[in-house]
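What the coordinates show
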Amino acid sequence: MEARDRRLSLALFGAAAAAWVAFGAIGLLVDPLSSPAAGFLGAAALGTALGVNVMPIFWLASFARHRRIAYRGDWLRAIRRGAWVGVLVAVFVVMRLNGIFQPQIGLFLIALALVAEVTLTAGSTRGG
């Protein structure tokens, strides 16, 4: 692990801490049922907080799986996977606020994200 990897991990964890503080402030000060914009703001804050929080964790899992060797593209893949998590969480929260969330729909969206991620990962390993 190089110093740039440590710095990026710490920067992402710091950004995640700031996002969690913002989410806490929104959760304590704004009623999501009072206006539609408040619900979207809370969903975006929670999605951002979780997405940024798991990015360095995805990279560390890949780093450990590769026997402590950091390959080119691992950070981009970890950031992309964290973005998937953030988007899915935000969509689930919005669906829940609107009363249209169902487990079947949630599983379908997760399956779509997994298929997209596998396709993108397979394309990047072929060199295309």
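What counts and how
Residues numbered from 1 in each chain as written. Predicted model: local features only at pLDDT ≥ 70, side-chain atom pairs only at ≥ 80, totals over all residues. Heavy atoms only, no water. Core = buried A, V, L, I, M, F, W, Y, C linked by side-chain atoms within 4.5 Å. Buried < 20%, exposed > 50% of the residue type's maximum accessible area, 1.4 Å probe, protein only. Helix = DSSP H or I, 4+ residues; strand = E, 2+ residues; numbered from the N terminus. Contact = heavy atoms within 4.5 Å. Expected span 1.5 Å × (residues − 1). Salt bridge = Lys/Arg side-chain N within 4 Å of Asp/Glu carboxyl O. Patch = residues over 30% accessible without salt bridge, like charges linked within 9 Å, V, L, I, M, F, W, Y side chains within 5 Å. Areas by Shrake-Rupley, 256 points an atom, 1.4 Å probe, with all protein chains shown as cover. Phe/Tyr/Trp six-rings, centres within 6.5 Å; stacked < 30°, edge-to-face > 60°. Axes fitted to C-alpha atoms, helices over the stretch in contact; angles between N-to-C directions. Parallel < 35°, antiparallel > 145°, perpendicular 65-115°, else oblique. Left-handed = near helix turned anticlockwise from the far one by under 90°. Nonpolar A, V, L, I, M, F, W, Y, C, P; charged D, E, K, R; others polar.

**As for the nonpolar core**
Judged by nonpolar contacts, Leu12, Ala16, Val52, Met55, Trp59, Phe63, Trp75 and Ala78 together constitute the single largest core of 8 residues. Elements represented by at least two residues in this core include exactly helix 1 (3-29), helix 2 (36-65) and helix 3 (74-97). It is helix 2 that provides the largest number of residues to this core, a total of 4 residues. Setting aside chain neighbours within four positions, we find Trp75 in contact with Asp5, Leu8, Ser9, Leu12, Met55, Pro56 and Trp59.

**Notes on helix 1**
Taking 1.5 Å per residue, 27 residues should reach 39 Å; helix 1 reaches 39 Å between its end C-alpha atoms and fits that length. Those residues of helix 1 lying buried are Asp5, Ser9, Leu12, Ala16, Ala19 and Ile26. Buried positions along helix 1 lie against helix 2 and helix 3.

**Digging into the pattern of salt bridges**
If you walk through the whole model with that rule in mind, you get 3 salt bridges. Residue Glu117 pairs with Arg80 through a salt bridge whose shortest N-O separation is 2.9 Å. Of this pair, Glu117 sits in helix 4 (residues 103-125) while Arg80 sits in helix 3, and the two are 37 residues apart along the sequence. Among the ionic pairs, Glu117 bridges to Arg81, the shortest N-O distance being 3.0 Å.

**Quick word on a nonpolar patch on the surface**
A cluster of nonpolar side chains, contributed by Phe13, Ile57 and Leu60, occupies part of the molecular surface with about 240 Å² of accessible area. Positionally, Leu60 belongs in helix 2.

**Section: the packing of aromatic side chains**
Taken as a whole and judged by the stated rule, the model has 3 aromatic pairs. Between the aromatic rings of Trp59 and Trp75, the centroid separation amounts to 4.8 Å while the plane-to-plane angle is 5°, which identifies the pairing as stacked. Of this pair, Trp59 sits in helix 2 while Trp75 sits in helix 3, and the two are 16 residues apart along the sequence. When sorted by exposure, Trp59 lands in the same class as Trp75, which is buried. Ring geometry for Phe92 versus Phe101: centroids 5.4 Å apart, planes at 65°, classification edge-to-face.

**Some remarks on the packing of helix 1 against helix 2**
Where helix 1 contacts helix 2, the two axes come as close as 8 Å, and the packing angle between them is 160°. The angle between helix 1 and helix 2 places the two elements in the roughly antiparallel class. The interaxial crossing formed by helix 1 with helix 2 has left-handed handedness. Across the contact of helix 1 with helix 2, the residue classes break down as 18 nonpolar, 4 polar and 1 charged.

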